[in-house]
Amino acid sequence: DGIVHTLTDVRHVVGLKKNLISFKVFDRKGYKFVTHNYQIKVFRGSLCVMKALTTPDTDDLYFLQGSLLTGSVAAVASSSQVDDDTMTTLWHMRLGHMSERGMAELSRRGLLGSRKTGSLQFCEHCVFGKQTYLRFSRSVHMTRAVFDYVHTDLWGDAPVTSIGGGKYLLTFVDDFSRKVWVYILKFKDETFAHFRQWKATVETQIERKVKYLRSDNGTEFRSGEFEKYCRDAGIIRHYTTVGTPQQNGVAERMNRTLLERTHCMLSHAGLPQSLWAEAVTTTCYLVN
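Residues numbered from 1 in each chain as written. Predicted model: local features only at pLDDT ≥ 70, side-chain atom pairs only at ≥ 80, totals over all residues. Heavy atoms only, no water.

Draft legend 1. Geometry of the overall build of the protein chain. Within the protein chain one finds eight helices and nine strands. Burial analysis of the protein chain (288 residues in total) assigns 36% to the buried set. Of the contacts made within the protein chain by residues no fewer than 6 positions apart, 54% connect residues no fewer than 24 positions apart. (Helix = DSSP H or I, 4+ residues; strand = E, 2+ residues; numbered from the N terminus. Buried < 20%, exposed > 50% of the residue type's maximum accessible area, 1.4 Å probe, protein only. Contact = heavy atoms within 4.5 Å.)

Draft legend 2. Molecular detail of the pattern of salt bridges. Overall, the coordinates contain eleven salt bridges when judged by the stated rule. For Asp175, the salt bridge goes to Arg178, with nearest N and O atoms at 3.3 Å. Ionic pairing is found between Glu203 and Lys209, a salt bridge with its closest N-O pair at 3.7 Å. Taking relative accessible area as the criterion, Lys209 reaches 57% and is therefore assigned exposed. One network of salt bridges, with partners in common, ties together Glu105, Arg108 and Arg109. (Salt bridge = Lys/Arg side-chain N within 4 Å of Asp/Glu carboxyl O.)

Draft legend 3. Seen up close, the packing of helix H5 (residues 191-206) against helix H6 (residues 224-233). At a minimum axis separation of 10 Å, H5 and H6 run at an interaxial angle of 20 degrees. Classified by the interaxial angle, the pair formed by H5 and H6 is roughly parallel. Pair H5 / H6 crosses with left-handed handedness. Across from Thr191, Phe192, Phe195, Arg196 and Lys199 in H5, the residues of H6 making contact are Glu225, Phe226, Tyr229, Cys230 and Ala233. When its residues are assigned to classes, the contact of H5 with H6 shows six nonpolar, one polar and three charged. (Axes fitted to C-alpha atoms, helices over the stretch in contact; angles between N-to-C directions. Parallel < 35°, antiparallel > 145°, perpendicular 65-115°, else oblique. Left-handed = near helix turned anticlockwise from the far one by under 90°. Nonpolar A, V, L, I, M, F, W, Y, C, P; charged D, E, K, R; others polar.)

Draft legend 4. Focus on the packing of aromatic side chains. For the structure on display, the rule yields 17 aromatic pairs. Each ring, one from Phe23 and one from Phe33, has its centre 5.1 Å from the other, and the planes form 55 degrees; the classification is tilted. Of the two residues, Phe23 is situated in helix H1 (residues 23-28) and Phe33 in strand S1 (residues 32-36); the sequence distance between them amounts to ten residues. Geometrically, the ring pair formed by Phe26 and Tyr31 is edge-to-face, given 5.0 Å between the ring centres and 70 degrees between the ring planes. By the ring-pair criterion, three or more aromatic residues cluster together here, those being Phe147, Phe172, Trp181, Tyr183, Phe192, Phe195, Trp198, Phe221, Phe226 and Tyr229. The cationic tip of Arg222 hangs over the ring face of Tyr239; the distance from NZ or CZ to the ring centre is 3.8 Å. (Phe/Tyr/Trp six-rings, centres within 6.5 Å; stacked < 30°, edge-to-face > 60°. Lys NZ or Arg CZ within 6 Å of the ring centre and 35° of its normal.)

Draft legend 5. Focus on unusual backbone geometry. A cis amide bond links Gly156 to the next residue, Asp157, at an omega of 0 degrees. One can find Asp157 in the loop between strand S5 (150-156) and strand S6 (168-174). Phi is positive for Tyr38, which is not a glycine, with a value near 60 degrees. Unlike most non-glycine residues, Phe147 shows phi in positive territory, near 70 degrees. For Phe147, the location among the structural elements is in the loop between helix H4 (124-129) and S5.

Below you can see the structure in the form of structure tokens.
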């Protein structure tokens, strides 16, 4: 997959025509092996770091699927540090370009395998995808349970229409758990219908009622049918001051997180911007 792995404690044998890798050394360093159908995979925790193939007539040798780096390219100062940094970079990409602090927290909980995360190397895709304005001071909501307070926001219209025809991103963020739900909309006036759908789904699944709903003053949130529905359901509405989206900071920050990682993943994978809706859905899953 393009990741460089450095072997240590190696021996140079004059005249040897093939480079041999010792299973015993891998085993001593905590790696695991899985063999099946003439293929062997080497794992560090849950991460496959090496694959090799064999055939019935190759004298029990497995041939590594990869290329050898020689000369100054292969020179390293510390193999353990390289391994940690390489693993950190790989998890950074797999988790949608998550921050170094976020990965350190996942590593502390033991969710990234047995190896600790190292230093995150410079990532040009993060620079490209995470530019932002300075934020307002932080506000705190003293919620005690899920759906006591819900933040929502509509982002769009997108500069590029998604493959499915979507141009808007509607998000709902629970203040207590910070769980996020996303919906891809073709038109702004679909907001109310998706809110009713979301409310019916979460209240049925979790058996708790939405109490407060915070949004901006967009017409999609201030329509007569939207406000009447909330009054009938006993939902108290909180609106931001006109022209001040920072007052809806939780939803705005979640939108930023989703879109930043979406830009990073599309940039890194070299995929077209028309796949932003699929990437946002993947990012939402990763965040949750």
